[in-house]
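# Coordinate inspection notes
So you can see what is in the structure, the chains are spelled out below.
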Amino acid sequence: MTLLDPTEVNTRNHGPDIKASPKLVVENVSKWFRTPRASVHALDNISMRVAASEVVCLVGPSGCGKSTLLDIIAGLTKPDAGRVLADGQLVTGPGRQRLMVFQEPSLFPWLDVFGNVMFGLKLCPELSGSERREIAHRLLALVGLEKFERVHVHELSGGMKQRVALARALAPDPQVLLMDEPFGALDATTREHLYDDIQRIWSTSGKTIIFVTHNMREAACLGDCVLLMSAAPGRIVQSFDIPLPRPRSIYNVELVAHAARIADALRGTVGQGVSE
Amino acid sequence: MKRLIAVSLFFTALLGLWELAARSGHWSPVLFPTAASVGRYLWGAISDGTLTEAIWVTLKRLLAGYTIGVVVGLPLGLLTSASQLMEDTLGALALGLQTLPSVCWVPLALLWFGQTEAAMLFVVVMGTVWSVIIATNHGARTIPPIYARAARTMGSKGLHLWTRVMVPASLPFLVSGMKQGWAFAWRSLMAAEIYVTILTGFGLGQLLHYGRELNAMDQVIGAMVIIVLIGLLVDRILFSPWERFLHRRWGTNVG
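The structure displayed is predicted, hence computed values, not measured ones.

## Notes on the overall build of chain A
The helix and strand inventory of chain A stands at nine helices and 10 strands. Since a compact globule built from 276 residues should have a radius of gyration of about 19 Å, the 19 Å found for chain A is in line with a globular shape. With the C-alpha coordinates of chain A rotated into their principal frame, the extents come out at 55 × 45 × 40 Å. A burial count over chain A gives 42% of its 276 residues as buried.

So this is what it looks like as structure tokens:
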């Protein structure tokens, strides 16, 4: 793994021209889920601005609407109020500028590993066949699975599946990568490897990433900024900047201190939230 | 190879037991013919062409009825899975009629169509289509919605989403629906052939029926053996390759 000079990352991350036009704007988004018996206020007036190449982590108690917010940003779900702008354009539906890595296994079992990565590339009309194959090979190499291109999905381990899902999401070169607890079902060792992978990929590609997690150390490890949400209704209650150099290790003392601070704040919001 | 030996041993032993029991003299040879005499009947019926003709007639009817059943049943099953309203209406109808043994359609078919091929076809289609609808509906409801979500974020929609995601994702249940339909079509056809005695074609069911009329037990048992063999062969030739394919890709035993 090549280590990147932290100052270089910081320039890229906080360059003045980028701050002027945010990559992603969420404006006053609200969402209710109505069932015949109850109406659940899932998201209440959420606003956030994400700069290009910024990594924002969303944390909060389960059921706080983190995943719903990510779905709305992806364009898979429509907000009941408010709007999402990506590069200044109103998001009206899903699009390959904002690709998602899901927590559940989302790879297509009828395609092999290579076929899965090619799926999104085949929907890029500007690419030729050989360009698509070249990109797929390159991304599978990037996640360390170049030897597994012809393997069927069910033969992969959980961590390998999420690596393929990551390669599949990166292949069409999206502007924004949305990650919905992608490592939630993996064991700790596999997760730590993937933190390194994500940081390495981020440092070379400079993608804007929104990362949903319930793991505070994961959030502090990956995020430039961690947004803490409260449940019922889902609100952003606090924002934490994580001004640590990259690449980060989750065993770093400062990082753990940041994580503890977020966890304390979360306990506060959970305490308020259990009034019913 | 080991499996082949085990299988041959098992069936040889079965035939041997049958032969011994028939020769023991406890039962009348008219009611309990020896395996050898059934074998002789089968050999004779193949040589004079009656059996091959009957197999051919039966398979033609089966193919026609089954094809109609699947072609009608698969889209109706998908439609049933599409909404709660369809599930409550068409789904309930399919479930109700599927519980009706297909032989119960025979009196109705005879009154509507008389002793014709149409009556036979009707019984087979009625026996097939409901079970195909139910199996397809059930399968389509169990496709993980995550596949469509993932595909949509990558820009797949409309026809592309259906042909590249929904259809392949539904392969396991399409195959199980078709297999279910096959089992019911085969049962229905035999019921129809035994009860609808027509002159336009002499199928295996009719061979069975006339075997009873003539007290020819070797013919009855011979026809039954052939019916079992055809069932096994279709399963092996038509469905096994698909199931192996699905097993390889999905890694689970589906269908």
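## So, the interface of chain B and chain A
At the junction of the two partners, chain B supplies 15 residues and chain A supplies 20 residues. Among the elements that make up the side of chain B that touches chain A, the one with the highest residue count is helix α7 (residues 145-153) of chain B (six residues). Taken together, the residues of the side of chain B that touches chain A break down into seven nonpolar, four polar and four charged.

## Here we look at the sheet that holds strand β1 (residues 24-34) of chain A
Residues and elements named next belong to chain A. As summarised here, the arrangement of the four strands in space is β2-β1-β4-β5, forming an open sheet in which the pairing is antiparallel. Strands at the two margins of the open sheet, each flanked by one partner only, are β2 (39-50) and β5 (89-90). One ladder, built from five bridges, connects β1 with strand β4 (residues 81-86); its direction is antiparallel. Note on β4: the bridge partner recorded for E27 is R83. Together, β1, β2 and β4 form the strand contacts of helix α3 (residues 66-74), whose direction differs from that of β1 by roughly 120°.

## Focus: the sheet that holds strand β8 (residues 208-212) of chain A
Two pairing modes exist for strands in a sheet, parallel and antiparallel, and in both the strands are linked by backbone hydrogen bonds. Residue and element names in this part refer to chain A. Judged by pairing direction, the sheet is mixed, and its six strands sit side by side in the order β6-β7-β8-β3-β9-β10 without closing on themselves. Looking at which strands have only one partner, the edges of the open sheet turn out to be β6 (98-101) and β10 (235-241). Taking each pair of neighbouring strands and ignoring which way they run, the sheet shows an average axis angle of 20°. As paired strands, strand β3 (residues 55-59) and β8 are joined by four bridges and run parallel to one another. From the neighbouring strand, L58 faces β8, where its bridge partner is V212. Against the sheet, helix α6 (residues 158-170) makes contact with β6 and β7 (176-180), and its axis sits at roughly 175° relative to β6, the strand it touches most.

## Details of helix α9 (residues 171-195) of chain B
Helix length check: α9(B), at 25 residues, gives a terminal C-alpha distance of 36 Å against a target of 36 Å (1.5 Å per residue), a fit within 8%. Within α9(B), 21 of the 25 residues are buried, which leaves the element mostly enclosed by the surrounding structure.

## Considerations on the packing of α6(A) against helix α7 (residues 188-205) of chain A
Residues and elements named next belong to chain A. Direction vectors running N to C along α6 and α7 enclose 15°, while the axes themselves pass 10 Å from each other. In terms of orientation, α6 and α7 fall into the roughly parallel class. The handedness of the crossing between α6 and α7 comes out as right-handed. Mapping the contact onto sequence places G158, G159, Q162 and L170 in α6 and T190, L194 and I201 in α7.

## A look at the pairing of β4(A)
The side chains of a regular strand alternate, residue by residue, between the two faces of the sheet. Note: β4(A) against β5(A), two bridges, orientation antiparallel. In the strand pairing of β5(A), L85(A) is matched with L90(A).

## Overview of helix α2 (residues 35-47) of chain B
All names here are of chain B. The end-to-end C-alpha distance of α2, which contains 13 residues, comes to 18 Å, matching closely the 18 Å that a straight helix rising 1.5 Å per residue would cover. Along α2, the positions that sit buried rather than exposed are A35, V38, Y41 and A45. The arc that holds every buried residue of α2, seen down its axis, measures 120°, which confines them to one face. Turned more than 90 degrees away from the buried face of α2 sit W43 and S47, all of them exposed. On the buried face of α2, the contacting elements are α1 (2-23), α3 (50-82) and α11 (217-250).

## Here's the deal with the packing of α3(B) against helix α4 (residues 84-99) of chain B
Helix-helix packing: each pair is described by the crossing angle between the helix axes and the interaxial distance. Residue and element names in this part refer to chain B. Contact geometry of α3 with α4 gives a least axis separation of 7 Å together with a crossing angle of 140°. It follows from the interaxial angle that α3 and α4 lie oblique. For α3 against α4, the interelement crossing comes out left-handed. Listed contacts from α4 to L76, L79, T80 and A82 of α3 are M86, E87, L90, G91 and A94. Broken down by class, the residue content of the contact of α3 with α4 amounts to six nonpolar, two polar and one charged.

Here is what the cut-offs are and how they apply
Residues numbered from 1 in each chain as written. Chains lettered and ligands numbered in written order. Predicted model: local features only at pLDDT ≥ 70, side-chain atom pairs only at ≥ 80, totals over all residues. Helix = DSSP H or I, 4+ residues; strand = E, 2+ residues; numbered from the N terminus. Rg over C-alpha atoms; globule rule 2.2 N^0.38 Å. Buried ≥ 20, exposed ≤ 12 C-beta atoms within 10 Å, placed from the backbone. Contact = placed C-beta atoms within 7 Å. Nonpolar A, V, L, I, M, F, W, Y, C, P; charged D, E, K, R; others polar. Pairing = 2+ DSSP bridges. Axes fitted to C-alpha atoms, helices over the stretch in contact; angles between N-to-C directions. Expected span 1.5 Å × (residues − 1). Parallel < 35°, antiparallel > 145°, perpendicular 65-115°, else oblique. Left-handed = near helix turned anticlockwise from the far one by under 90°. Arc of directions from axis to C-beta.

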